[in-house]
Amino acid sequence: MKKIRKHSAGIDIGAQQIFVAIENEQVKVFDTFTEDFISCGNHLKSHGIESVAMEATGSYWMVLYMILEEMGFETWLVDGRETKQVPGRKTDIKDCQWIQQLHSYGLLNRCFVLEEHMKNLRSYTRLRDDHIRSASMHIQHMQKALLEMNIRLKEVLSQIHGVSGLRIIEAILSGARDKQKLANLCHSSILKTKRDKVLKSLEGYYTESGLFALRQAYQSYQFYQMQIKACDQEIEKQIKILGKNKSDDNLESPRKPIRHNKPQVDNLGANMLSIFKNIDATKIEGITDYSWMKLLSETSHDLSKWKTEKHFTSWLGLAPGQNWSGKKRRSKKKRTNNQAGRIFRNIAQSLIKSKTSAIGEFGRRLRSRKGPMVAIKAMARKLAILYWKLFIEGMDYIKKGAQLYREELLVRKQKNIKKLANELNMKVIVNQ
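All values reported here derive from a predicted model rather than from experimental measurement. (Residues numbered from 1 in each chain as written. Predicted model: local features only at pLDDT ≥ 70, side-chain atom pairs only at ≥ 80, totals over all residues. Heavy atoms only, no water.)

1. Notes on the overall build of the protein chain
Stage number 1. In terms of helices and strands, the protein chain carries 16 helices and seven strands.
Stage number 2. Considering only C-alpha atoms, the protein chain reaches an extent of 85 × 80 × 50 Å along its principal axes.
Stage number 3. The proportion of buried residues among the 432 residues of the protein chain is 42%.
Stage number 4. Within the protein chain, counting contacts between residues at least 6 apart in sequence, those at least 24 apart form 66% of the total.
Stage number 5. Of the roughly 26300 Å² of accessible surface on the protein chain, 50% is carried by carbon and sulfur atoms. (Helix = DSSP H or I, 4+ residues; strand = E, 2+ residues; numbered from the N terminus. Buried < 20%, exposed > 50% of the residue type's maximum accessible area, 1.4 Å probe, protein only. Contact = heavy atoms within 4.5 Å. Areas by Shrake-Rupley, 256 points an atom, 1.4 Å probe, with all protein chains shown as cover.)

What follows is the structure, given as structure tokens:
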């Protein structure tokens, strides 16, 4: 093989030390403090290094990557699974030498790394999702505390963290015990249909420990709501910077409603359209401005970094894996922790029950034959391909309803039956 990069280096990153390999030089070891990262960059410059490759190890690589980029190096972040060492030769020193050797021959693939504003947006969006998960845990704690006092709000209200549920919990914590007064805090639509059930559910057996647990859970839930609100404010700043602060007032049609965990971001739809040059991803089934914003934070606005839709779906972890040996085709599960792929899976999950969606109809047919996991992955892959084509090929997306999909499927079945009948010298008689 011919060497492609003659002035290259490989770095193996650990929690306490980094190991730097330069061809025909002794491996140099640096600590992981900032001044040592700068010393590492100066060491590479003194040896005329132009390109550096390092493994994506946890979060350890981030600061070193930024410092080396600022110092003018061509910095490659690579997947650790592509640099697996030969069994029996696993040491940090040999790892960095192996990375340098693979990089010099051009055998490594570069990982996708976001630009600065996108990194900030991704950080705030992921942190917001963490807070939502934490808040949901404390909702369960509130339910448990109420159940211990036999207050059965969970069986009567669809959400105890809704407006009516929180009003009742706040009143209980303030000392209210009269079930009539507590029931009157519910919305009129609830009282209209199930007032008697609400009254029965509020006949509790109050205990000191139960009230203490309820107060703790309620305060924790409110804390995470404040944290989510703070994340929304930072997300709004980044979106307005990227979208040039456009206004929803100038939009021709209203945006899709966001049903769950809606971010409090003003003019989100207009700014998303501005970022993507008025190409609207919400035309695709299941995608709202919120899920579109999450995809933006993970994939950026430039999808041309993936040459084809197959490259894109493979990066997402949605492409079927290949593991052939001779005539045998084995099933191999692809390992991935890709956040963008999970977003597409979540969108697919929401569509599989839709009675008006062609992709939902496709998913239900596949689920009946191969199970829900395969169906969700196949649906997510279809959505990802549509998403890529929308921005790269400018495809005019036409929403197909489930009924049209069924009609097309019926035509295909009739065509296959006629073809099979011709092969067997038989005739197909159509009932009028």
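2. Some details on the nonpolar core
Stage number 1. Membership of the largest hydrophobic core comes to 51 residues, with the highest contact counts inside it found for Met272, Trp292, Phe312, Phe344 and Tyr387.
Stage number 2. Counting only elements with at least two residues in this core, the list comes to helix H4 (116-148), helix H9 (208-243), helix H10 (268-275), helix H11 (289-299), helix H12 (309-316), helix H13 (339-351), helix H14 (358-370) and helix H15 (372-392).
Stage number 3. Residue contributions to this core peak at eleven residues, all from H15.
Stage number 4. Setting aside anything within four residues of it in sequence, one finds Tyr387 in contact with Phe276, Ala281, Ile284, Ile287, Trp292, Leu295, Leu296, Thr299, Leu303, Phe312 and Phe344.
Stage number 5. Membership of the second largest hydrophobic core comes to 31 residues, among which are Ile169, Ile172, Ala183 and Leu199. (Core = buried A, V, L, I, M, F, W, Y, C linked by side-chain atoms within 4.5 Å.)

3. Quick look at the packing of aromatic side chains
Stage number 1. Enumeration according to the criterion identifies twelve aromatic pairs in this entry.
Stage number 2. Through pairs of rings, three or more aromatic residues link up here, namely Phe112, Phe276, Trp292, Trp306, Phe312, Trp315, Phe344, Tyr387 and Phe391.
Stage number 3. Directly above the aromatic system of Trp76 lies the positively charged group of Arg5, at a separation of 4.4 Å from the ring centroid.
Stage number 4. The residue whose ring lies beneath Arg177 is Tyr206, and the NZ or CZ to ring-centre distance is 4.4 Å. (Phe/Tyr/Trp six-rings, centres within 6.5 Å; stacked < 30°, edge-to-face > 60°. Lys NZ or Arg CZ within 6 Å of the ring centre and 35° of its normal.)

4. What about the packing of H12 against H13?
Stage number 1. Where H12 contacts H13, the two axes come as close as 7 Å, and the packing angle between them is 95°. In terms of axis orientation, H12 runs roughly perpendicular to H13. On the side of H12, the interface is formed by Phe312, Trp315 and Leu316, while H13 contributes Ala340, Gly341 and Phe344.
Stage number 2. For the contact of H12 with H13, a count of residues per class yields five nonpolar, one polar and no charged. (Axes fitted to C-alpha atoms, helices over the stretch in contact; angles between N-to-C directions. Parallel < 35°, antiparallel > 145°, perpendicular 65-115°, else oblique. Nonpolar A, V, L, I, M, F, W, Y, C, P; charged D, E, K, R; others polar.)

5. Observations concerning a nonpolar patch on the surface
Stage number 1. Taken together, Met62, Val63 and Met66 make up a surface patch of nonpolar side chains, about 230 Å² in accessible area.
Stage number 2. Inspection of the secondary structure puts Val63 in helix H2 (residues 61-70). (Patch = residues over 30% accessible without salt bridge, like charges linked within 9 Å, V, L, I, M, F, W, Y side chains within 5 Å. Salt bridge = Lys/Arg side-chain N within 4 Å of Asp/Glu carboxyl O.)

6. Looking at the packing of H13 against H15
Stage number 1. Interaxial distance between H13 and H15 falls to 8 Å at its minimum, and their mutual angle equals 115°. For the element pair H13 / H15, the angle class is roughly perpendicular. You can see that H13 and H15 cross each other, and the crossing is right-handed. From H13, Phe344, Arg345, Ile347, Ala348, Gln349 and Leu351 reach across to H15, where they touch Ile376, Lys377, Met379, Ala380, Leu383, Ala384 and Tyr387.
Stage number 2. Residues of the contact of H13 with H15, tallied by class, amount to ten nonpolar, one polar and two charged. (Left-handed = near helix turned anticlockwise from the far one by under 90°.)

7. Some details on the pairing of strand S1 (residues 8-13)
Stage number 1. Within S1, six of the six residues are buried, leaving the element largely enclosed by the surrounding structure.
Stage number 2. Burial along S1 is two-sided: Ser8, Gly10 and Asp12 and Ala9, Ile11 and Ile13, pointing in opposite directions, are all buried.
Stage number 3. Pairing of S1 with strand S4 (residues 51-55) involves four bridges; the strand directions are parallel. Within S4, the residue paired with Ile11 across the bridge is Met54.
Stage number 4. Where S1 and strand S2 (residues 17-22) come together, five bridges link them in antiparallel fashion. For Asp12, the partnering residue across the bridge sits in S2 and is Phe19.
Stage number 5. Counting the residues between successive antiparallel strands, the hairpin from S1 to S2 contains three residues. (Pairing = 2+ DSSP bridges.)

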